[in-house]
Amino acid sequence: MSGNNHLKRKLLNRERVLGCFLLSGSSDNAEVLAHAGFDFLLIDHEHGSGSRGDAIAQMRAVKGTPTASMLRIPSLDPGYIKRVLDAGVQCILCPMIESASAAKAVVEACWFPPYGARGAGGATRASAYGYDADSANRVQDELLIAVQIESVNGIEQIEEIAAVAGIDLLFLGPRDLSASIGKLGRFEDPEVLAIVARAEAAILRSGKRLGSVVYPGRTPAQMFERGYDLLIGGSDIGFLVEGARRAISAGPTHWKEIVDERNHTNPGE
């Protein structure tokens, strides 16, 4: 019952999916990465630089490919959720959820009455500008709603959060989880590993889908083997930085040789 939401259908079918962050607002980056073959691209409005208009352009850029789009909102803000859903977002991720009541508030902001509290617009992009008059009746089936667990408080309430109707996937944020116990970025610390393992086990028991970033020192295959259904393996900005570093890794001498050779071949250029 996931309609034309290909990412939700894959997850319901227990397929494992790999994506990456879009930290920039670039539709070109989105198009390049979609053609690379990722299952989905996560447009990041929590830490990224893009706007709602950029997100629409990015969704259009990937529309002609098998790659799905997802959007992480900055915080639990019903007004923001309404605007991006009206813009056509079908998969939404809300960060820093620490209670079942907060998880319910996310669902209520996504669903129309009587099941939720989302305000109904008319000619929105989500309704094909009014041409798809039945779109509002399919929201519960077609939207993928994910919440991010990234604090000790969230871990303490994880069973209750996972039990909330409408939540499809729980996404672990290891960086903020480690920071919440004063061990930012220490992903191999025994206490951090224990907290992550506890969260993984609770989510897997719940029957909801489990997602995260690919942890440092791990491969996607290793994490899928642990039970993850959805993973993020990098970002557009990260890939750009990595490529730039690799290009200059030979050092100034190498670049001088290239310039000297070019000048010798094309004197006076």
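Located above this text is the structure these notes cover.
Keep in mind it's a predicted model, so treat the numbers as computed, not measured.

Peer 1: Any chance you could break down the nonpolar core for me, citing the residues and the numbers?
Peer 2: Within the largest apolar cluster, 60 residues are counted, with the highest numbers of intra-cluster contacts made by Leu-41, Cys-110, Ile-145, Leu-170, Leu-172 and Tyr-228. Top element by residues in this core is helix α5 (residues 100–110). It accounts for 7 residues. Residues contacting Cys-110, with those up to four places away along its chain left out, are Ile-81, Leu-85, Ile-92, Arg-118, Val-139, Leu-143 and Ile-145. In terms of nonpolar packing, the next biggest core, distinct from the first, is built from 16 residues, Val-17, Phe-40, Ala-146 and Leu-169 among them.

Peer 1: If you had to explain α5 to someone new, which residues and values would you point to?
Peer 2: Every α-helix carries 3.6 residues per turn, so stepping three or four residues along brings you back to the same face. Where α5 is concerned, the buried positions are Ala-100, Ala-102, Ala-103, Val-106, Val-107, Ala-109 and Cys-110. On its buried side, α5 packs onto α4 (78–86), β4 (91–94), α6 (139–142), β5 (144–149) and α8 (158–162).

Peer 1: Go over the pairing of strand β2 (residues 40–44), please, and point to the residues and values.
Peer 2: Within β2, 5 of the 5 residues are buried, which leaves it mostly tucked inside the rest of the structure. Relative to β2, strand β1 (residues 17–22) runs parallel, the two sharing 4 bridges. Residue Gly-19 lies in a different strand from β2, and its bridge partner there is Phe-40. The handedness of the β1 to β2 crossover, carried by helix α2 (residues 27–36), is right-handed. Where β2 and strand β3 (residues 68–72) come together, 5 bridges link them in parallel fashion. For Ile-43, the partnering residue across the bridge sits in β3 and is Leu-71. The handedness of the β2 to β3 crossover, carried by helix α3 (residues 52–62), is right-handed.

Peer 1: Tell me about the packing of aromatic side chains, residues and numbers included.
Peer 2: On inspection of all chains with the given rule, the structure shows 2 aromatic pairs. Ring centres of Phe-38 and Phe-239 lie 6.2 Å apart, and the angle between their planes is 20 degrees; this geometry places the pair in the stacked category. Of this pair, Phe-38 sits in the loop between α2 and β2 while Phe-239 sits in helix α12 (residues 236–247), and the two are 201 residues apart along the sequence. Residue Phe-239 is classed as partly exposed on the basis of its relative accessible area of 30%. Arranged with centres 6.2 Å apart and planes meeting at 80 degrees, the rings of Tyr-215 and Tyr-228 form a pair that is edge-to-face. A residue pair is termed long-range when its members are at least 10 positions apart, and Tyr-215 in the loop between β7 (209–213) and α11 (220–225) and Tyr-228 in the loop between α11 and β8 (230–235) qualify at 13 residues. For Tyr-215, a relative accessible area of 11% corresponds to the buried category.

Definitions and cut-offs
- Residues numbered from 1 in each chain as written.
- Predicted model: local features only at pLDDT ≥ 70, side-chain atom pairs only at ≥ 80, totals over all residues.
- Heavy atoms only, no water.
- Core = buried A, V, L, I, M, F, W, Y, C linked by side-chain atoms within 4.5 Å.
- Buried < 20%, exposed > 50% of the residue type's maximum accessible area, 1.4 Å probe, protein only.
- Helix = DSSP H or I, 4+ residues; strand = E, 2+ residues; numbered from the N terminus.
- Contact = heavy atoms within 4.5 Å.
- Pairing = 2+ DSSP bridges.
- Right-handed = clockwise from strand over helix to strand, strands pointing away.
- Phe/Tyr/Trp six-rings, centres within 6.5 Å; stacked < 30°, edge-to-face > 60°.

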